[in-house]
Amino acid sequence: MTDKISTGWKNDKKYNEWIKNLKEKFRQIQLRAAVKVNNELLNFYWELGKEITEKQKEAKWGEKFLERLSKGLMAEFPEIKGFSLRNLKYIRQWYLFWSSIEEIGQQAVALITQIPWGHNIVIITKCKNPQEALFYVKKTIENGWSRAVLTHQIESKLYERTGKSITNFDKTLPKSQSDLAKEMLKDPYCFDFLTTREAYTEKELENDLLSHLTKFLLELGSGFAFVGRQYKLEVAGEEFLINLLFYHLKLHSYVVIELKTTKFKPEYTGKLNFYISAVDSLLKTEKDNPTIGILICKEKNKTIVEYSLRDISKSIGVSEYKITRELPEELKSSLPDIKEIETSLNEANEEKGYE
């Protein structure tokens with residue numbers, strides 16, 4: 001009898017939905033509690049850093065003071081790792097870093113207490129100045145980066161690359177959308193995760209990017225949803241293939257990405273303009289904003305790109321890509337050739353349903 005009742009509960013949709021909601025509520029409480037604890041801890045660290053700095057300045061206490069402080073606190077709270085000598089030095093460095101420029105310091109305190117202490121250490125030890133550091137703090141909050149992802153973004157110089165692409169967005173998009181679209185772009189894109197050989201075609205580059213789709217999406221940035229590769233569009237009875245098609249969830253627009261393994265040529269923007277027009281006509285709905293195009297090429301001349309975009313009516317950004325990690329010669333010979341890679345990728349793409 002009990003088993004029948006238990007089975008009945010398991011199949012009861014209302015009961016299952018109620019349990020699901022309870023679990024979600026509890027997870028949210030756990031999350032809020034963790035955030036509050038982190039916030040309180042970092043506020044304490046801020047005050048501690050301030051007091052350490054002031055005491056050392058007023059009493060001219062040297063490094064031995066920190067050793068004594070560490071031993072005293074750890075004797076009282078042996079289970080707390082945050083009172084180690086090393087961490088006390090980080091707390092002082094953290095306070096000095098953000099309080100060095102008053103206007104940024106005031107703005108930053110409310111933000112830096114929202115991210116974990118480990119993230120804070122990565123930021124102050126790897127960033128050159130508070131402006132750059134604040135960029136990564138905001139991005140961490142916005143995207144929920146892990147410490148490993150944050151470290152990767154700093155080491156790949158995301159701050160220096162964001163918003164540097166040459167675009168015509170100011171002319172073709174409303175200001176609010178233009179600013180977000182420019183922030184979405186990077187120049188150059190860093191494809192260090194690829195395993196392509198020195199000489200490669202556009203198709204090989206595309207295949208390699210898709211075989212590392214997670215890392216490629218991370219490099220593109222938050223908001224990109226993959227739609228398809230070699231995406232077919234039929235216009236006037238003819239078929240055309242888009243290299244890569246994405247949808248950007250924040251911009252609410254399709255994004256056409258064309259890859260070129262050569263130096264930028266003016267005719268590339270004409271072709272991309274055509275693809276954008278086709279997507280706007282065939283895929284875009286009334287709820288979507290106008291489609292955006294991104295041309296990623298091996299190199300470009302700023303003046304030639306600006307001339308090429310001057311009279312283009314569709315929204316296009318042009319960036320370079322960099323692959324800085326070359327494979328050792330002795331490893332290249334042990335890799336499969338391009339045909340083998342193409343075959344395996346095509347099989348995988350067919351299984352996943354890629355266009």
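Report follows, based on the coordinates. Every value quoted in this text rests on a predicted model; they were computed, and no experiment measured them.

### Points about the overall build of the protein chain
Looking only at helices and strands, one finds 17 helices and seven strands in the protein chain. Each of the 355 residues in the protein chain was classed as buried or not, and the buried ones make up 41%. A fraction of 65% describes how many contacts in the protein chain between residues 6 or more apart in sequence connect residues 24 or more apart. Working note: accessible area of the protein chain is about 20700 Å², and carbon and sulfur atoms make up 54% of it.

### Here's the deal with the side chain of asparagine 87
Assignment of secondary structure puts asparagine 87 in helix α4 (residues 85-99). Among the polar contacts listed, one links the side chain of asparagine 87 to the side chain of tryptophan 117, at a separation of 2.7 Å. When near neighbours in sequence (up to four residues on either side) are disregarded, asparagine 87 contacts Tyr45, Lys81, Gly82, Trp117 and Ile121.

### As for a negative patch on the surface
A cluster of like negative charges, contributed by Glu47, Glu51, Glu54 and Glu58, occupies part of the molecular surface. With respect to the helices and strands, glutamate 51 occurs in helix α2 (residues 13-59). The class of glutamate 51 is partly exposed, set by a relative accessible area of 44%.

### A closer look at the environment of glutamate 258
Tracing the chain through its elements places glutamate 258 in strand β5 (residues 253-263). For the pair glutamate 258 and isoleucine 294, spaced 36 residues apart in sequence, the C-alpha to C-alpha distance is 6.4 Å.

### Observations concerning the pattern of salt bridges
One pass over the full model with this rule turns up 15 salt bridges. The partner of arginine 161 in a salt bridge is glutamate 219, with the nearest N and O atoms 2.5 Å apart. One end of the pair, arginine 161, is in helix α9 (residues 158-161); the other, glutamate 219, is in helix α13 (residues 213-220), and 58 residues separate them in sequence. Since its relative accessible area comes to 2%, glutamate 219 is described here as buried. Aspartate 179 is the salt-bridge partner of lysine 175, the closest N and O atoms lying 3.1 Å from each other. Remark: aspartate 179 and lysine 175 occur in helix α11 (residues 175-184); sequence separation between them is four residues, near one turn of the helix. Three or more residues joined by partner-sharing salt bridges are found here, namely Lys139, Glu142, Glu183 and Lys250.

### What about a nonpolar patch on the surface?
There is a patch of nonpolar side chains on the surface, built from Tyr15, Trp18 and Leu22 and spanning about 300 Å² of accessible area. Here tryptophan 18 shows up in helix α2.

### Quick notes on the pairing of strand β3 (residues 224-235)
Pairing of β3 with strand β4 (residues 238-248), which is carried by 10 bridges, proceeds in the antiparallel orientation. Paired with lysine 232 across the strands is leucine 241, a residue of β4.

### Details of helix α12 (residues 202-211)
Most of α12 is tucked away, with seven of its 10 residues classed as buried. Residues of α12 that are buried: Glu204, Leu205, Glu206, Asn207, Asp208, Leu209 and Leu210.

### Observations concerning unusual backbone geometry
For the bond running from aspartate 187 to proline 188, omega is 0°, close enough to zero to count as cis. Examined against the element boundaries, proline 188 turns out to sit in the loop between α11 and β2 (189-190). Backbone geometry at glutamine 230 places phi at a positive 45°, although glycine is not the residue there. Secondary-structure assignment places glutamine 230 in strand β3. For glutamine 230, a relative accessible area of 26% translates into the label partly exposed. At alanine 236, a residue that is not glycine, the phi angle is positive and equals roughly 55°. Looking at the secondary structure, you find alanine 236 in the loop between β3 and β4.

### Focus on the pairing of strand β7 (residues 315-322)
Where burial is concerned, most of β7 is hidden: seven out of the eight residues are buried. Pairing analysis gives two bridges linking strand β1 (residues 166-167) to β7, with the strands arranged antiparallel. Residue pairing for β7: isoleucine 166 is matched across the bridge by valine 318. Looking at chain direction, β2 and β7 are connected through two bridges and run parallel. The residue of β7 that forms the bridge with tyrosine 189 is tyrosine 321. Looking at chain direction, strand β6 (residues 292-299) and β7 are connected through six bridges and run parallel. Paired with leucine 295 across the strands is valine 318, a residue of β7.

Rules of the game
- Residues numbered from 1 in each chain as written.
- Predicted model: local features only at pLDDT ≥ 70, side-chain atom pairs only at ≥ 80, totals over all residues.
- Heavy atoms only, no water.
- Helix = DSSP H or I, 4+ residues; strand = E, 2+ residues; numbered from the N terminus.
- Buried < 20%, exposed > 50% of the residue type's maximum accessible area, 1.4 Å probe, protein only.
- Contact = heavy atoms within 4.5 Å.
- Areas by Shrake-Rupley, 256 points an atom, 1.4 Å probe, with all protein chains shown as cover.
- Polar contact = N/O pair within 3.5 Å; in protein donor to acceptor, adjacent residues only side chain to side chain.
- Patch = residues over 30% accessible without salt bridge, like charges linked within 9 Å, V, L, I, M, F, W, Y side chains within 5 Å.
- Salt bridge = Lys/Arg side-chain N within 4 Å of Asp/Glu carboxyl O.
- Lys, Arg positive; Asp, Glu negative; His and termini not counted.
- Charge placed at Lys NZ, Arg CZ, Asp CG, Glu CD.
- Pairing = 2+ DSSP bridges.

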